[in-house]
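In case you want the letters, here they are:
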Amino acid sequence: MIKGFKDFLLRGNVVDLAVAVVVGAAFTAVVTAFTSAFLRPLIQVFSGGGEFAGSFVVSGVVFDYASFINAIITFVLTAAVIYFLVVMPLKVVEERRRRGEEEGPAEPTDVELLTEIRDLLKARARPVPGDGRDDAGGAGGRIPQQDR
């Protein structure tokens, strides 16, 4: 169960999605600050300025269209940055891998795998004092039959 969860997390799409969410959240804060500090006041100036700039009043209720326009601009800017800084570069890398111009993740060679297996077997067969396999205890460093 843990291995399946680990495989799920390490798949490319999940990692890419996590990066996009984090970058998107951070960038959204920057874009929101920019639109609130600069664009909303510009909308209010161009709509006549004054107390109800960027809004209109109907039956005493204020409709603030400047905030709505601000939110749309924030969304468009955030989506554009995510696309151009995350999605598009990943597509380019994936296309290069498909064409063979760029190597994918390096797979271990047969020699590296066999060396790792040998080292694990050596570590497992190493005598531990008091476990019955040390020089005084009998098995002499050999792997007992039940451990094979």
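Residues numbered from 1 in each chain as written. Predicted model: local features only at pLDDT ≥ 70, side-chain atom pairs only at ≥ 80, totals over all residues. Heavy atoms only, no water.

**Student:** Which residues make up the overall build of the chain, and what values go with them?
**Tutor:** Of the regular secondary structure elements, the chain holds four helices and two strands. Ordered by position from N to C terminus, the α and β elements of the chain give α-α-β-β-α-α. Put simply, the chain has 148 residues, and 15% of those count as buried. Counting contacts in the chain only where the partners sit at least 6 residues apart, residues at least 24 apart contribute 36% of the total. Of the roughly 11500 Å² of accessible surface on the chain, 66% is carried by carbon and sulfur atoms. (Helix = DSSP H or I, 4+ residues; strand = E, 2+ residues; numbered from the N terminus. Buried < 20%, exposed > 50% of the residue type's maximum accessible area, 1.4 Å probe, protein only. Contact = heavy atoms within 4.5 Å. Areas by Shrake-Rupley, 256 points an atom, 1.4 Å probe, with all protein chains shown as cover.)

**Student:** Please set out a nonpolar patch on the surface residue by residue, giving values where relevant.
**Tutor:** A surface patch of nonpolar side chains, about 540 Å² in accessible area, is lined by Y83, F84, L85, V87, M88 and V92. Residue L85 is classed as exposed on the basis of its relative accessible area of 62%. (Patch = residues over 30% accessible without salt bridge, like charges linked within 9 Å, V, L, I, M, F, W, Y side chains within 5 Å. Salt bridge = Lys/Arg side-chain N within 4 Å of Asp/Glu carboxyl O.)

**Student:** For the side chain of T35, give the residues involved together with the corresponding values.
**Tutor:** For T35, the location among the structural elements is in helix α2 (residues 12-46). Taking the relative accessible area as the measure of exposure, T35 reaches 0% and is therefore buried. Among the polar contacts made by the side chain of T35, one reaches the side chain of N70 at a distance of 3.1 Å. Beyond its immediate chain neighbours, meaning those up to four positions away, T35 contacts R40, P41, N70, I73 and T74. (Polar contact = N/O pair within 3.5 Å; in protein donor to acceptor, adjacent residues only side chain to side chain.)

**Student:** Explain the packing of aromatic side chains residue by residue, including any values.
**Tutor:** Counted by the stated rule, this structure contains four aromatic pairs. Considering the side-chain rings of F56 and F63, the 5.2 Å spacing of their centres and the 15° angle between planes classify their relative orientation as stacked. The partly exposed category is assigned to F63, whose relative accessible area is 40%. Each ring, one from Y83 and one from F84, has its centre 5.1 Å from the other, and the planes form 80°; the classification is edge-to-face. Judged by relative accessible area, Y83 falls into the partly exposed class, the value being 35%. Within the aromatic cluster, the residues linked to one another by ring pairs are F56, F63 and Y65. (Phe/Tyr/Trp six-rings, centres within 6.5 Å; stacked < 30°, edge-to-face > 60°.)

**Student:** Could you give an account of the pattern of salt bridges, naming the residues involved and the relevant values?
**Tutor:** If you walk through the whole model with that rule in mind, you get two salt bridges. Among the salt bridges present, the one from R98 reaches E95, with a minimum N-O distance of 2.9 Å. Of this pair, R98 and E95 both sit in helix α3 (residues 65-99), separated by three residues, roughly a single helical turn. E95 gets classed as partly exposed once you look at its relative accessible area, which sits at 32%. For D119, the salt bridge goes to R118, with nearest N and O atoms at 3.0 Å. Since its relative accessible area comes to 37%, D119 is described here as partly exposed. A residue is classified by how much of its surface remains accessible, and R118, at 43% relative accessible area, is partly exposed.

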